[in-house]
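# Reading the structure
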Amino acid sequence: MTQINALEDSLSMLAGKQTIGPNMRILVLLSLLCLTSNSAAAAEAVDLDVSDARACALYEDGSVYCWGAPMSGASPPFTAKRVNGLPKAKSIAVGRFGACAVDGGDDLWCWGVDLQRSLRADILVESQSPFKVDALPGVKAVDMGFVHMCILSLDGEVWCWGQNPCGELGCGDKDPHSELTKVPFVYSVKSVSAGINNTCVVYGAGELSCWGSDNPTREGQPFIFETTLPVRLDINYFGAMKSVANGRNFACGIRTSGEVTCWGSNIMGQLGTNEPRLGEDLAGIGEVDGITDARDLDASYFNACAVDGGQVICWGAPLFLDIDEAGMSQPPTAIPLIQSATRVALGTLYGCAIENGKVLCWGVDNLDGAPVLEGMGPGTPVAVPGLP
């Protein structure tokens, strides 16, 4: 009744304390209730992604907002802007040179650098307005790597295109592919992750297949792969996974037990432990220290973050801190002031999380002498200006 009373007070103010008819009174009250309800519903972020200095957030009404660089006319301090001309989206992905969204009709829309047209024409082709990517099967999800991208189709197959210097397209060669290329030997996939120079998928039973390069100097080890075709990873080494996130020369996955397992290079502590259970200090497989109930995970070049118990825990290269302050690597450390996170995404300049439907970001405090986001610092998460 408190809300109704408040609305009645507002009604009295609108009426100027004059007598109005009962029917008009009911109509005005209903209108105010609808406005209040719609305003609250539109403000909930449900997904986000970050790559380098670009980021996007998806809201439950299907709208997408982006900020950062490279974007047309964007310079720090950054402010989020809604992506116009985009149908209602149900998932998003952000890459080094652009972003994409899957709409409610299972079509893929992208903006930024058009990888297909750029490769066909051998020149950089950009579009600041969303364009529909044609000739695709029904799209369930998309992910974007350094210079390649992959989609997961509705029937559980994976298709990739883009540059391919390390075999990250999984098609058996290292040639660039401007056209959609089906990854062989990969079926019934649950999720896909496109990394800096590699790609992994998770199957329904929690097994993994990966391809590309995780460290070409250590070929043949069970935790290092260098292959242009998918390799099924031994579940006895890795455990059953719920999701996976690829970085550069390493990858991490959330196990069905809630632990996070990382494998590959550990030269900057990106495995989250100094004592890998398999391998050695600088390369191997290990469980991230202290994480027992991870709900979300992302990886960047040499570091990673996970949501565990509402906190955002990050480890690896201290890209957001002075090297003298943190050394060459940072052990798993909670980001201050975030206690109820549900999602996390990580770039090279900043990371972001969703907490109670709001997007908060932390990271470097300036870029070219200007604040990246007003008030943001390595240990100071702030709301992004311009978001609902």
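Structural data are supplied above this passage.
Procedures and definitions
Residues numbered from 1 in each chain as written. Predicted model: local features only at pLDDT ≥ 70, side-chain atom pairs only at ≥ 80, totals over all residues. Heavy atoms only, no water. Pairing = 2+ DSSP bridges. Helix = DSSP H or I, 4+ residues; strand = E, 2+ residues; numbered from the N terminus. Axes fitted to C-alpha atoms, helices over the stretch in contact; angles between N-to-C directions. Salt bridge = Lys/Arg side-chain N within 4 Å of Asp/Glu carboxyl O. Buried < 20%, exposed > 50% of the residue type's maximum accessible area, 1.4 Å probe, protein only.

### Overview of the sheet that holds strand 23 (residues 303-308)
Taken in spatial order, the four strands of this open sheet run 22-23-24-25, and their pairing is antiparallel. At either end of the open sheet lies a strand with only one pairing partner, and these are strand 22 (294-299) and strand 25 (330-334). Neighbour-to-neighbour, the strand axes of the sheet open up by a mean angle of 15°, direction not taken into account. Bridge analysis of strand 24 (residues 311-316) against strand 25 gives three bridges, and the strand direction is antiparallel. If you follow C314 over to strand 25, its bridge partner there is T333.

### Quick notes on the sheet that holds strand 28 (residues 358-363)
Pairing in this open sheet of four strands is antiparallel, and the strands run 26-27-28-29 from one edge to the other. Pairing within the sheet leaves two strands with one partner each, and these edge strands are strand 26 (341-346) and strand 29 (382-383). Taken together, the two bridges between strand 28 and strand 29 define a ladder with antiparallel strand orientation. Along strand 29, the bridge assignment pairs L360 with A383.

### So, the pattern of salt bridges
Considering all chains together, one arrives at twelve salt bridges under this definition. For D52, the salt bridge goes to R96, with nearest N and O atoms at 3.6 Å. A residue pair is termed long-range when its members are at least 10 positions apart, and D52 in the loop between strand 1 (45-51) and strand 2 (54-59) and R96 in the loop between strand 5 (89-94) and strand 6 (98-103) qualify at 44 residues. On the accessibility criterion, D52 (16% relative accessible area) is buried. Among the salt bridges present, the one from E179 reaches R120, with a minimum N-O distance of 2.8 Å. You can see E179 sitting in strand 12 (residues 177-182) and its partner R120 sitting in helix 3 (residues 115-121), a full 59 residues away along the chain.

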